[in-house]
Amino acid sequence: MCGCRASVSSTKQCLVNNPAPAPTKKSPLAAADMSKRIPIAKQLASIKALGKGSDLEKAFATVALVYNNSADPEGKLSKGETKSLLQTQFGGFIQGQENKPKYQEIISALDEEPENKIDFEDFMILLVSLTLMSDLLQQIKNVKTTK
């Protein structure tokens, strides 16, 4: 991470100065046949280092697996794929947010992405930005944590 991505608006400058790391190649067969994809839970269970991992470590590993399963062979998502992934995998956080100015600002920044694709780092920033403005976050904060 380049360290200068404190906000969505600063993302474009960082992209220019810090290109994404070299992507890993995916098998063309994996992309062509989604029906044979291994479920995320099994992929997660196959990562030995996470055997005794914390909930937070497993949560971030899950995000990375979901992203990687949707990314192209260059390790990037198109704008359309990103929006689709947000709808299918992050709907609880974005539901009902569409009319909020902050949501519109975040999605506009995605729409204005000059490369028309985002890498994992930008995807994580997008998720965090959407989470911070979400009504669901307030509900999560209000969950009783002690008896």
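Heads up: these notes are all about the structure in this document. (Residues numbered from 1 in each chain as written. Predicted model: local features only at pLDDT ≥ 70, side-chain atom pairs only at ≥ 80, totals over all residues. Heavy atoms only, no water.)

Structural notes on the packing of aromatic side chains
Geometry of an aromatic ring pair is reported as the spacing of the ring centres plus the angle between the planes. Which entries qualify depends on this criterion: Note on ring pairs: Phe, Tyr and Trp rings are taken, using the six-membered ring of Trp, and paired if centres are within 6.5 Å. Classes follow the plane angle, with under 30 degrees stacked, over 60 edge-to-face and the rest tilted. Comment: elements are numbered from the N terminus, with helices defined as DSSP H or I runs of at least four residues and strands as E runs of at least two. Each residue's exposure class comes from its accessible area (1.4 Å probe, protein chains only) as a fraction of the maximum for that residue type: buried when under 20%, exposed when over 50%, partly exposed otherwise.
Tallied over the entire structure, the rule returns three aromatic pairs. Relative to Phe120, the ring of Tyr67 lies with its centre 5.2 Å away and its plane at 70°, an arrangement referred to as edge-to-face. Taken together, the residues Tyr67 in helix H4 (residues 55–70) and Phe120 in helix H8 (residues 120–132) connect sequence positions 53 residues apart. Aromatic pair Phe90 and Phe93: ring centres 4.6 Å apart, planes at 15°, arrangement stacked. Both residues of the pair, Phe90 and Phe93, count as buried. Through a chain of ring-to-ring contacts, three or more aromatic side chains come together here, namely Tyr67, Phe120 and Phe123.

Examining the nonpolar core
Test applied: Only buried residues count toward a nonpolar core. Its members are Ala, Val, Leu, Ile, Met, Phe, Trp, Tyr and Cys residues joined through side-chain atoms within 4.5 Å. In this analysis, two residues are considered to be in contact whenever any of their non-hydrogen atoms come within 4.5 Å of each other.
If you look at the biggest cluster of nonpolar residues, it comprises 20 residues, and the most contacted ones within it are Leu77, Leu86, Phe90, Phe123, Leu126 and Leu130. If you list the elements that add at least two residues to this core, you get H4, helix H5 (79–89), helix H6 (91–94), helix H7 (101–111) and H8. The greatest single-element share of this core, amounting to five residues, is contributed by H8. Not counting residues up to four positions away in its chain, the partners in contact with Leu77 are Tyr67, Ser70, Ala71, Thr82, Leu85, Asn116, Lys117, Ile118 and Phe123.

What to know about the packing of H4 against H8
Under the convention used in this document: Axes, fitted as lines to C-alpha atoms, cover a helix only where it is in contact. Angles between the N-to-C directions of the axes lie from 0 to 180 degrees. Here is the rule for angles: anything less than 35 degrees is roughly parallel, anything more than 145 is roughly antiparallel, 65 through 115 is roughly perpendicular, and the remaining ranges are oblique. Each crossing is labelled by how the near helix is turned from the far one, with a counterclockwise turn of less than a right angle marking it left-handed and a clockwise turn marking it right-handed. Polarity classes work like this: nonpolar for Ala, Val, Leu, Ile, Met, Phe, Trp, Tyr, Cys and Pro, charged for Asp, Glu, Lys and Arg, and polar for all others, with Gly in that last group.
It is at 11 Å that the axes of H4 and H8 come closest, and there the two elements cross at 120°. When the axis of H4 is compared with that of H8, the two are oblique. Where H4 crosses over H8, the handedness of that crossing is right-handed. Contacts between H4 and H8 involve Phe60, Val63, Ala64 and Tyr67 from the former and Phe120, Phe123, Met124 and Leu127 from the latter. Split by residue class, the contact of H4 with H8 holds eight nonpolar, no polar and no charged.

Thoughts on the packing of H5 against H7
Remark: H5 packs on H7, axes separated minimally by 10 Å, with the N-to-C direction vectors making an angle of 150°. As far as their axial angle goes, H7 and H5 are roughly antiparallel. Facing H5, whose interface residues are Lys79, Thr82 and Lys83, H7 presents Ile107, Leu110 and Asp111. Its residues assigned to classes, the contact of H5 with H7 comprises two nonpolar, one polar and three charged.

What about the pattern of salt bridges?
Selection criterion: Salt-bridge detection follows one rule: a side-chain nitrogen of Lys or Arg within 4 Å of a carboxyl oxygen of Asp or Glu.
One pass over the structure, following the stated rule, counts five salt bridges. For Asp111, the salt bridge goes to Lys83, with nearest N and O atoms at 2.5 Å. Linking Asp111 in helix H7 with Lys83 in helix H5, this pair joins segments that are 28 residues apart in sequence. Judged by relative accessible area, Asp111 falls into the partly exposed class, the value being 36%.

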